[in-house]
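# Examination of the molecular architecture
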Amino acid sequence: MRRVLAALALAALVLGGCQTLPRVPYGLETLNAASPDYRYNFIEPGTRVRFLGDIGGVGREHPSGELQLLPLSGGGANGAYGAGVMYGWGRRGDRPEFDVVTGVSAGALIAPFVFAGSAFDPALREAFTDGRAKNLLRSRGLGALLWPGVFKPEPLRKLITNSVTPGLVEAVGAEHRKGRRLYIATTSLDTQTQVVWDMGALAQRTDPESRQLFQNILIASSSIPGVFPPYC
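As a starting point, this report considers the structure included with it. (Residues numbered from 1 in each chain as written. Predicted model: local features only at pLDDT ≥ 70, side-chain atom pairs only at ≥ 80, totals over all residues. Heavy atoms only, no water.)

### Some words on helix 4 (residues 79-92)
- Across its 14 residues, helix 4 extends 20 Å between first and last C-alpha, which sits within 8% of the 20 Å expected from 1.5 Å per residue.
- Those residues of helix 4 lying buried are Gly79, Ala83, Met86, Tyr87 and Gly90. Looking straight down helix 4, one finds that the buried residues subtend no more than 95 degrees of arc, so they occupy a single side. Facing away from the buried side of helix 4 by over 90 degrees, the exposed positions are Tyr81, Arg91 and Arg92.
- Looking at the packing, one finds that the buried side of helix 4 touches strand 2 (69-72), helix 5 (106-116) and helix 6 (121-129).
- Looking one or two places after helix 4, you find Gly93, whose phi comes out positive at around 95 degrees. (Helix = DSSP H or I, 4+ residues; strand = E, 2+ residues; numbered from the N terminus. Expected span 1.5 Å × (residues − 1). Buried < 20%, exposed > 50% of the residue type's maximum accessible area, 1.4 Å probe, protein only. Arc of directions from axis to C-beta. Contact = heavy atoms within 4.5 Å.)

### Description of the nonpolar core
- Core analysis: the biggest nonpolar cluster contains 35 residues, and Leu72, Val101, Leu182, Ile184, Met199, Phe214 and Leu218 have the highest contact counts within it.
- Among the elements that make up this core, the one with the highest residue count is helix 5 (8 residues).
- Leaving out residues up to four positions away in the same chain, Leu218 has contacts with Ala108, Leu109, Pro112, Ile160, Val164, Ile184 and Met199.
- In this structure, Tyr40, Phe51, Val58 and Tyr183 belong to the second largest nonpolar core, which totals 7 residues. (Core = buried A, V, L, I, M, F, W, Y, C linked by side-chain atoms within 4.5 Å.)

### Some points on the packing of aromatic side chains
- Following the criterion strictly, the structure yields 7 aromatic pairs and no others.
- Judged by centre distance (5.1 Å) and plane angle (85 degrees), the rings of Tyr40 and Phe51 are edge-to-face. Remark: Phe51 occurs in helix 3 (residues 47-55) and Tyr40 occurs in strand 1 (residues 39-41); sequence separation between them is 11 residues.
- Under the relative-accessibility criterion, Phe51 is labelled buried at 16%.
- Each residue in the set Tyr40, Phe42, Phe51 and Tyr183 is aromatic and connected to the rest through ring pairs, giving one cluster.
- Sitting above the plane of the Phe115 ring, Arg180 keeps its charged end 4.4 Å from the centroid. (Phe/Tyr/Trp six-rings, centres within 6.5 Å; stacked < 30°, edge-to-face > 60°. Lys NZ or Arg CZ within 6 Å of the ring centre and 35° of its normal.)

### Examining the side chain of Thr47
- Examined against the element boundaries, Thr47 turns out to sit in helix 3.
- One polar contact links the side chain of Thr47 to the main-chain carbonyl oxygen of Asn41, over a distance of 3.1 Å.
- With sequence-adjacent residues up to four places away left out, Thr47 is seen in contact with Tyr40, Asn41 and Phe42. (Polar contact = N/O pair within 3.5 Å; in protein donor to acceptor, adjacent residues only side chain to side chain.)

### Some thoughts on the sheet that holds strand 5 (residues 194-198)
- Strand order in the open sheet made by the 5 strands is 1-5-4-3-2, with mixed pairing throughout. Of all strands in the sheet, those with a lone pairing partner are strand 1 and strand 2, marking the two edges. Here the average twist between neighbouring strands, direction ignored, is 20 degrees.
- Where strand 1 lies against strand 5, 3 bridges are found, and the strand directions are antiparallel. Pairing of Asn41 across the sheet is with Val195, part of strand 5. (Pairing = 2+ DSSP bridges. Axes fitted to C-alpha atoms, helices over the stretch in contact; angles between N-to-C directions.)

Set out below in structure tokens:
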């Protein structure tokens, strides 16, 4: 009997890991039609040309003509180390004003603060050290059998919505107008390909929906399939 119960429990866990919420099916044509100019879906014809055209003029004002690029990647909980490096570098006073900043996973949480400038370094430090990040791993318990993701998404969403303030979004938009670029990478569940978002272009929009989309992109980038779902 114990073996039967153990087998049933294992089957429930396996099936639970495959759970997902009902989603509206999308075709490639629908996705293409719904793609705004700040979204680069590289499965679309011509997207690479459009992206290279946008980034081609960045950094030309430097005497050397070199592009100063800062890529910030993932690392899960180790992302706090990257945040500490950026904060310490800013405190030292010689962190460059990078022409292009990119972020994915935990790096997506750090990138907007670094891109916006050293004035936002204290906010970056607080986001990772004031206790908001320590409760991210809140298990769903048996709820993981019914809902996608082992951990609850609310703590991650709360961390990002509280940290990404209107002032931060406005600062990202201001730096974009100077010719700098902030790109965040996510993965499309429909096409199984990478999507790159021009966050500075999105920050030019001042409506509440665009600010929420700004936050949702960061949530999607930092979510882990099967662990943190990219929605509540």
